[in-house]
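Architecture and fold: a report
Next come the chains, spelled out residue by residue.
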Amino acid sequence: MTKFVRALHLIGAMMFFGSILGHITAGLVPGAQDDPRTVLVVREAIDAATTYLTLPGLILLLAAGIVMIVNGKLPVFKIRWLMLHAVFGLLIAVNGAFLLYPIGQDMLGVAAQVVSGAASLDALHALGGREAAFGAVNVVLCLAAILLAVFKPGPKRAGA
């Protein structure tokens, strides 16, 4: 059971982090910053990836992590790297759910308004700056959480 849950945790991590890298890559498409129709298509692609990869991946990642902690009876508050790993996971979820997701929804709406002429690209770029800042925070937190899980810094136990 533990290996299965660990596999689900890794699948969730791949879905979540992989889709974020896809979001970044989508922003590099020629015209993604200055052609209204391309901007809208890119924002629609990012919205679809968020709906079908990012959010389900995050839910799977967090749920499997909680199951591993509870079932493994791990003393989260005594294992510093694990506590920090869990805190990073919580910060990633809060940043994603309460900051990045709403900004992404706003960007999709503004992109549609830009195409119809009801809004300017400047409004979209202002939101894009916020998305880039909060997104960079999540990328750094993701990398830090991964490094903590791989290297498990701290005192070594005998036989570990």
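The structure this text deals with has already been given above.
As a starting point, this report considers the structure included with it. (Residues numbered from 1 in each chain as written. Predicted model: local features only at pLDDT ≥ 70, side-chain atom pairs only at ≥ 80, totals over all residues. Heavy atoms only, no water.)

Tallying secondary structure elements over the protein gives four helices and zero strands in all. If you list the helices and strands of the protein from N to C, you get α-α-α-α. C-alpha atoms of the protein, sized along the principal axes, occupy 65 × 25 × 25 Å. Considering the protein as a whole, with its 160 residues, one finds that 32% of them fall into the buried category. (Helix = DSSP H or I, 4+ residues; strand = E, 2+ residues; numbered from the N terminus. Buried < 20%, exposed > 50% of the residue type's maximum accessible area, 1.4 Å probe, protein only.)

The next point concerns the packing of helix α1 (residues 2-26) against helix α4 (residues 121-151). Closest axis-to-axis distance for the α1/α4 pair is 11 Å, and the angle between their directions is 145°. In the crossing of α1 with α4, the sense of the turn from one axis to the other is left-handed. On α4, the residues touching F16, F17, I20 and I24 of α1 are N138, V139, C142, L143 and I146. Class assignment for the residues of the contact of α1 with α4 results in eight nonpolar, one polar and no charged. (Axes fitted to C-alpha atoms, helices over the stretch in contact; angles between N-to-C directions. Left-handed = near helix turned anticlockwise from the far one by under 90°. Contact = heavy atoms within 4.5 Å. Nonpolar A, V, L, I, M, F, W, Y, C, P; charged D, E, K, R; others polar.)

With 25 residues, α1 should cover 36 Å at 1.5 Å per step; its first-to-last C-alpha distance of 36 Å lies within 8% of that length. Those residues of α1 that fall on the buried side of the exposure criterion are V5, H9, G12, F16, F17, S19, I20, H23 and A26. Contacts from the buried residues of α1 go to α2 (36-71), α3 (80-116) and α4. (Expected span 1.5 Å × (residues − 1).)

Right, let's get into the nonpolar core. Of all hydrophobic cores here, the largest spans 16 residues; its most connected members are F16, L58, F88, I92 and C142. Breaking this core down by element, the ones donating at least two residues are α1, α2, α3 and α4. The residues contacting F88, other than those within four sequence positions of it, are L141, A144, A145 and L148. Counting ten residues, the second-largest nonpolar core is a separate cluster that includes V39, I103, M107 and L108. (Core = buried A, V, L, I, M, F, W, Y, C linked by side-chain atoms within 4.5 Å.)

Glancing now at the layout of surface pockets. The volume enclosed by the largest pocket comes to roughly 1500 Å³. Around the largest pocket, the lining comprises 45 residues; the ones closest to its centre are W81, L82, H85, A149 and K152. Elements that contribute at least two residues to the lining of the largest pocket include exactly α1, α2, α3 and α4. For the lining of the largest pocket, the per-class residue count stands at 31 nonpolar, eight polar and six charged. Lining of the second largest pocket is provided by 33 residues; of these, H23, R43, I46, E131 and A132 occupy positions nearest its centre. Where the lining of the second largest pocket is concerned, the elements lending two or more residues are α1, α2, α3 and α4. Residue composition of the lining of the second largest pocket, grouped by class: 18 nonpolar, twelve polar and three charged. (1 Å grid on protein atoms, 1.4 Å probe; cavity = no way out; pocket = protein on both sides within 12 Å on 5 of 7 lines; lining within 4 Å. Points joined across faces, edges and corners; volume = space filled by probe spheres on them.)

Right, let's talk about the environment of I79 for a bit. Tracing the sequence through the fold places I79 in the loop between α2 and α3. For the pair I79 and G27, spaced 52 residues apart in the sequence, the C-alpha separation amounts to 39 Å.

Before going further, it helps to examine the environment of R43. When you line up the elements, R43 lands in helix α2. On a C-alpha basis, the gap between R43 and S116 in space is 15 Å, while along the polypeptide they are 73 residues apart. Among all residues touching R43, those that are not within four sequence positions of it are G104, M107, L108, A111 and E131.

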